[in-house]
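Okay, here's what each chain looks like letter by letter:
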Amino acid sequence: MPSQKSSATSAAREPQRHRGRLRVAALIDAAAAVFAEKGFDAATMTEIAARGATAIGSLYQFFPNKEALADAVLARYGELLDAALGEIETRAKGLSPTGIADALCDLMLGFQTERAAAIALLDARIDAPLNRARLRERMRRGIAGFLRAAAPALSPPEAWNMAVALLQTLKGVQAWASELNEEGQPAALAELRKMISLYVLHKFAGAEA
């Protein structure tokens, strides 16, 4: 499991050239797909190399073992989340409650492969509860940040409590999106967006009162 290896034995090699960085990105994409489908234990470096259309030797050149590759997938997922939340915060001041609801739902529906891989990898670690808690805090902090940017009248505790409630509401989005048939998804998602929009509108109005 990733958390049981030392950094000395599992550190990935940073590519120096643009071509190498592109290859590493492709390998991380391939690894995320395989980890999402099979989990950490069942995934093999051979399959990941094949999925990434790369020779196994090239894979080991950048990632000495599967633990290093798993760490890279988790790190990239965190970077994607931070970038997405930061992008929302940069335009939060002009977002309506409906716009915020749309941004949150789109965030949860995006990065589906990366999210599934991250969950599988976190579950494979002996410190899974701690790492899941850190990921939740990271997302809550990001959501609270753009809520305050959109509504400066919100106090930090109010924004944090909203972030907790919103993230809890949004946790099931990906699950039910995969359960509903394609015909039922748009209507259900529209209802969720409306519910979140009304909640945000209510809280923003209360903060300004």
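This report concerns the structure included in the present document. (Residues numbered from 1 in each chain as written. Predicted model: local features only at pLDDT ≥ 70, side-chain atom pairs only at ≥ 80, totals over all residues. Heavy atoms only, no water.)

### Description of the layout of surface pockets
- Looking at the second largest pocket, its volume works out to about 240 Å³.
- Sorting the residues of the lining of the second largest pocket by element identifies helix 5 (66-90), helix 7 (112-123) and helix 8 (128-150) as the ones contributing at least two each.
- The element that contributes the greatest number of residues to the lining of the second largest pocket is helix 5, accounting for five residues.
- Its residues placed into classes, the lining of the second largest pocket shows six nonpolar, two polar and four charged. (1 Å grid on protein atoms, 1.4 Å probe; cavity = no way out; pocket = protein on both sides within 12 Å on 5 of 7 lines; lining within 4 Å. Points joined across faces, edges and corners; volume = space filled by probe spheres on them. Helix = DSSP H or I, 4+ residues; strand = E, 2+ residues; numbered from the N terminus. Nonpolar A, V, L, I, M, F, W, Y, C, P; charged D, E, K, R; others polar.)

### With respect to the packing of helix 6 (residues 97-109) against helix 11 (residues 185-208)
- At a closest axis distance of 8 Å, the pairing of helix 6 and helix 11 adopts a crossing angle of 130°. One way to sum up the angle between helix 6 and helix 11 is to call them oblique. Our pair here, helix 6 against helix 11, has a crossing hand that is right-handed. Between helix 6 and helix 11, the contacting residues are Pro97, Thr98, Ile100, Ala101, Asp102, Leu104, Cys105, Asp106 and Leu109 on the first element and Leu189, Leu192, Arg193, Ile196, Ser197, Val200, Leu201 and Phe204 on the second.
- Looking at side-chain class alone, the contact of helix 6 with helix 11 contains 12 nonpolar, two polar and three charged residues. (Axes fitted to C-alpha atoms, helices over the stretch in contact; angles between N-to-C directions. Parallel < 35°, antiparallel > 145°, perpendicular 65-115°, else oblique. Left-handed = near helix turned anticlockwise from the far one by under 90°. Contact = heavy atoms within 4.5 Å.)

### Points about the packing of aromatic side chains
- This structure, assessed with the given rule, holds one aromatic pair.
- The interplanar angle of 25° and the centroid separation of 6.0 Å between the aromatic rings of phenylalanine 35 and phenylalanine 40 together place this pair among those described as stacked.
- For lysine 66, the ring lying beneath its charged end belongs to phenylalanine 40, and the centroid distance is 4.5 Å. (Phe/Tyr/Trp six-rings, centres within 6.5 Å; stacked < 30°, edge-to-face > 60°. Lys NZ or Arg CZ within 6 Å of the ring centre and 35° of its normal.)

From the geometry alone we can't say anything about function, so treat these as descriptive.
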